[in-house]
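Inside the fold
These are the residues of each chain, in order.
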Amino acid sequence: MGVAVLGLGTVGIGVVDILSKNRAMIFNRSGVDLEVRKVLVSNPNKKREIDLAKDMFAKDIEEILQDDEIDVVVELIGGLSPAKEYIIKALEAKKAVVTANKAVLAHHAAELFAVARKNNVPLYYEASVGGGIPLITPLTESLVGSNITSVMGIINGTTNYILTKMSTEGSSFEEVLAEAQRLGYAEADPSADVDGLDAAHKLVVLIALAFDTHIKLSDVHCEGIRKIDPMDIKFARDFGYAIKLLAVGKKTDLGIEARVQPTLIPLHHPLASVNNVFNAVFVESEEVGEIMLYGRGAGRYPTASAVVGDIVSAARILSGAKSQLPRKFAMGSAVSVKKTVGCYYIRLMVEDRPGVLGEIANILGQNNVSVASVIQEGRAQDQVPLVFLTHEVNYGSLEKGLELIGRLPCVREIANVIRVERGY
Ligand SMILES: NC(=O)c1ccc[n+]([C@@H]2O[C@H](COP(=O)([O-])OP(=O)(O)OC[C@H]3O[C@@H](n4cnc5c(N)ncnc54)[C@H](OP(=O)(O)O)[C@@H]3O)[C@@H](O)[C@H]2O)c1
């Protein structure tokens, strides 16, 4: 299947790169062989981070629309115009369209889907909300039989980064914004992010999917984070809350509630631990209860990965696929746990006398088990707990060491050995 990519910026380059690098893998997994045949940019002479043959640059959209070898058009230009016109023209030319453009969907989803239906071609948009997080497909397909009652998300990475830094470092909004701009996490003109408009666009898309209703962007109550002071974050924490820029869509007796605003959420809520540039959407449905989808909401490869998933889905529909993805599995085996490396918590019950710790530490050392921390408790009891946290150790060596330790007269019991995940 032939693919044309409109826009070769952050995401476009990622898409072209993944499609070329992973072409064989994608074919193996999906049965579709995808080839990027044309790209369209605003300035073909610009120096880019990817090398493409000159003849791949289309001179205009018409060249792509008239090319019968192009089946899927991927819109990665962004903004409303000409993105909207190009999407409509491509659908009318019976090409499947994939877009990552939340703005065009927030304003024109109803119209664009009507054109897609009329022309009987697919329009996919997984990357428009939550970048690399599979979000649209779970909401539209996996939850098709569930009655969604609310969607609540941290769907703007820039503001989440700023609020996280303000919270951990106590710095002001202005200081953190300047740092975010230096690091490339915030645009030179940050207003679309910090005033909530970007999140509002995405909320319109989420609400459409969750409640089958396309609301107007102007119906979203939208407040940004400029007024948040580190003092507010501290007081909120004292009350047991985190402050996050939340996008909330809820079905209520009065109708659909749609708001983007800084919000206090309890520190124990899963959304409270979504930090830095990460995004997450918390969905509640009558049938499933609570689900949280978490991951990278932006960036070249996370976003491009979602776009490529859409291209495969669109290409399969066009090619009349009648089965699910034809995954093939090689027979294999997992590595023995004895060969694996990890950190461990070890609790021994030992005799309460001087020298015990030294004897045990010696054996651990001889078996290449390096200890990160020790807790020795007790006195005045027959046996006392002696607890170690190890650095990364080969499980086989640990087992050998523990076998020797178990034979020491001062050790009454190896009470527990528990794996520690992700260091400590
Ligand atoms: N960046 C992310 O992490 C991210 C995450 C999720 C969704 N998205 C969405 O993905 C889309 C693309 O974002 P991006 O960050 O990749 O944008 P970008 O880096 O600004 O790239 C935009 C591309 O569009 C091209 N372009 C602009 N006007 C054009 C026109 N009139 N005709 C043809 N090409 C035109 C530009 O050409 P030149 O290179 O010649 O200037 C550029 O290659 C947007 O809808 C965005 O909201 C982005």
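Cut-offs applied
Residues numbered from 1 in each chain as written. Predicted model: local features only at pLDDT ≥ 70, side-chain atom pairs only at ≥ 80, totals over all residues. Core = buried A, V, L, I, M, F, W, Y, C linked by C-beta atoms within 7 Å. Buried ≥ 20, exposed ≤ 12 C-beta atoms within 10 Å, placed from the backbone. Helix = DSSP H or I, 4+ residues; strand = E, 2+ residues; numbered from the N terminus. Domains from an automatic or database assignment. Contact = placed C-beta atoms within 7 Å. Pairing = 2+ DSSP bridges. Near = placed C-beta within 6 Å. Nonpolar A, V, L, I, M, F, W, Y, C, P; charged D, E, K, R; others polar.

1. Some thoughts on the nonpolar core
- With 105 residues, the main nonpolar core has Val 5, Val 15, Val 74, Val 307 and Ile 311 as its most contacted residues.
- Top contributing element to this core by residue count: helix α10 (residues 197–211), with eleven residues.
- Composition of this core by domain shows at least three residues from each of domain 1 (2–129 + 302–318) and domain 2 (136–296).
- Those residues in contact with Val 74 that lie beyond four places of it in its chain are Val 3, Ala 4, Val 5, Leu 6, Val 15, Val 98, Val 307 and Ile 311.
- Judged by nonpolar contacts, the second largest core, of 14 residues, contains Ile 346, Leu 348, Ile 360 and Leu 386.

2. Here we look at the pairing of strand β11 (residues 289–296)
- Both strand β10 (residues 278–285) and β11 contribute to a ladder of eight bridges, which runs antiparallel. Directly across from Val 283, in β11, lies its bridge partner Ile 291.
- In this antiparallel pair of consecutive strands, β10 and β11, the connection spans three residues.

3. Focus on the site of the ligand
- Near the ligand, the surroundings consist of 24 residues, among which Gly 7, Gly 9, Gly 78, Asn 101 and Ala 298 are the closest.
- The element that contributes the greatest number of residues to the shell around the ligand is helix α1 (residues 10–21), accounting for three residues.
- Within the shell around the ligand, the residues separate by chemical class into eleven nonpolar, eleven polar and two charged.

4. Considerations on the domain arrangement of the protein chain
- Its domain assignment divides the protein chain into domain 1 (2–129 + 302–318), domain 2 (136–296) and domain 3 (337–420).
- Computed over C-alpha atoms, the centres of domain 2 and domain 3 are 45 Å apart.

5. Considerations on the environment of Glu 174
- With respect to the helices, strands and loops of the structure, Glu 174 is situated in helix α8 (residues 173–183).
- Of the residues examined, Glu 174 has 10 C-beta atoms within 10 Å and is grouped as exposed.
- Considered as a pair, Glu 174 and Gly 131 are 43 residues apart in the sequence and their alpha carbons are 26 Å apart.

6. Considerations on unusual backbone geometry
- The omega torsion across Ser 81 and Pro 82 is 10 degrees, close enough to zero to call that bond cis.
- Phi angles above zero are rare outside glycine, and Asp 212 is one such case at about 55 degrees.
- Tracing the sequence through the fold places Asp 212 in the loop between α10 and β7 (221–222).
- Given 8 C-beta atoms within 10 Å, Asp 212 falls into the exposed group.
- We note that Asn 276 has phi near 55 degrees; this positive angle belongs to a residue other than glycine.
- Relative to the helices and strands, Asn 276 is located in the loop between β9 (255–266) and β10.
- Of the residues examined, Asn 276 has 14 C-beta atoms within 10 Å and is grouped as partly exposed.

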